[in-house]
Amino acid sequence: MKRLVFVLTVMLLASLGKLRAQATVGYYPWSNLLTVSTNAKNVIWLDTRLQTNSLFSSLSIDLLPMINLKRGEVVQWYIGGGLRLNPLYRIADADADLITIDGYSMNVGVRIAPLPVNRRIMLALELNPYVKDKFDSGVLKTHFGIVYAFGKKKKTGTAPEQPVSP
């Protein structure tokens, strides 16, 4: 079953397309998460999270496909869910699967761009219920962090100045 979920996840990731220049990078300091996302302005986008400040055998990667519910210039609401993988768990347990699935999560979040001069800097706030792989335990997490969206600079609509004839 774990291998089937892993194969389906890889297929989903491959179908979402390439990472483009509009990727976002963020950090949730109280959760110790580093995040890299595809273009979050698309209806469907992918968020990947790496746990930091942890033992190597406890490092996990979250793969979270997200769906935008409402997007505006200032506020973006989204939901999603996904799995937490631990590719280094074999350090602690030699009999573990090559890729260990730690658990599953659901995400409900909002990104807010409060600065009118730079809408690429956003605050992210999420509610994130998480359950272990055998559904024997879980935890309700919240995340608060800062996100930066890369992208092309918008061209200004001003025409170049014309030289004045004498």
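Just so we're clear, the structure is a prediction, and the values are computed from it rather than from any experiment.

## Things to note about the overall build of the protein chain
Scanning the protein chain for helices and strands turns up one helix and eight strands. Secondary structure elements in the protein chain, listed N-terminal to C-terminal, are α-β-β-β-β-β-β-β-β. By residue count, 32% of the 166 residues in the protein chain fall in the buried class. Look at the contacts in the protein chain between residues 6 or more apart in sequence, and 47% of them connect residues 24 or more apart. Of the accessible surface of the protein chain, which amounts to about 10,800 Å², a share of 66% is contributed by carbon and sulfur atoms.

## Notes on the side chain of His 143
Positionally, His 143 belongs in strand E8 (residues 138–149). Judged by its relative accessible area of 4%, His 143 is buried. Here Asn 128 takes part through its side chain, which lies 3.2 Å from a polar atom of the side chain of His 143. Excluding residues within four positions of it along the chain, His 143 makes contact with Tyr 28, Ser 31, Leu 33, Arg 49, Ala 124, Leu 125, Glu 126 and Asn 128.

## Some details on the side chain of Ser 37
Structurally, Ser 37 can be placed in strand E2 (residues 33–37). Side-chain polar atoms of Ser 37 contact the side chain of Asp 47, separated by 2.6 Å. Once residues lying within four places of it in the same chain are set aside, the contact partners of Ser 37 are Ala 23, Thr 24, Trp 45, Leu 46, Asp 47 and Arg 111.

## Regarding the nonpolar core
Grouped together as the largest cluster of nonpolar side chains are 12 residues: Tyr 28, Leu 33, Ala 40, Trp 45, Leu 64, Met 66, Tyr 78, Ala 113, Met 122, Ala 124, Val 147 and Ala 149. Setting aside residues no more than four positions away along its own chain, Leu 64 makes contact with Trp 45, Leu 46, Asp 47, Arg 49, Gly 81, Gly 82, Ser 105 and Asn 107.

## Brief notes about the confidence of the model for the protein chain
With 69% of its residues at a pLDDT of 70 or more, the protein chain has an overall mean of 79. Long-range and interchain partners of residues 15–21, a stretch whose pLDDT sits below 50, account for five contacts in this model, where long-range means more than four residues apart.

## Things to note about the pattern of salt bridges
Per the stated rule, a full pass over the model turns up four salt bridges. A salt bridge links Arg 49 to Asp 47, with the shortest nitrogen-to-oxygen separation between them at 2.7 Å. Neither residue differs from the other here; Arg 49 and Asp 47 are each classed as buried. Glu 126 is the partner of Arg 49 in a salt bridge, and the nearest nitrogen-oxygen pair spans 2.5 Å. Here Arg 49, found in strand E3 (residues 44–51), pairs with Glu 126, found in strand E7 (residues 121–132); they are 77 residues apart in sequence, far enough to count as distant. For the residue pair Arg 49 and Glu 126, the accessibility class agrees, reading buried in each case. Residues joined by salt bridges that share partners form a network here, namely Asp 47, Arg 49 and Glu 126.

## What about the environment of Val 131?
Structurally, Val 131 can be placed in strand E7. Taking the relative accessible area as the measure of exposure, Val 131 reaches 29% and is therefore partly exposed. It is 9.8 Å that separates the C-alpha atoms of Val 131 and Arg 84, two residues lying 47 residues apart in sequence.

## Focus on the environment of Asp 102
Residue placement: Asp 102 occurs in strand E6 (residues 100–112). The exposure class of Asp 102 is buried, given its relative accessible area of 14%. Separated by 15 residues in the primary sequence, Asp 102 and Pro 87 place their C-alpha atoms 9.9 Å from one another. Leave out the neighbours within four places in its chain, and Asp 102 touches Ser 60, Arg 84, Asn 86, Tyr 130, Val 131, Lys 132 and Asp 133.

Rules used in this analysis
Residues numbered from 1 in each chain as written. Predicted model: local features only at pLDDT ≥ 70, side-chain atom pairs only at ≥ 80, totals over all residues. Heavy atoms only, no water. Helix = DSSP H or I, 4+ residues; strand = E, 2+ residues; numbered from the N terminus. Buried < 20%, exposed > 50% of the residue type's maximum accessible area, 1.4 Å probe, protein only. Contact = heavy atoms within 4.5 Å. Areas by Shrake-Rupley, 256 points an atom, 1.4 Å probe, with all protein chains shown as cover. Polar contact = N/O pair within 3.5 Å; in protein donor to acceptor, adjacent residues only side chain to side chain. Core = buried A, V, L, I, M, F, W, Y, C linked by side-chain atoms within 4.5 Å. pLDDT = per-residue confidence, 0-100. Salt bridge = Lys/Arg side-chain N within 4 Å of Asp/Glu carboxyl O.

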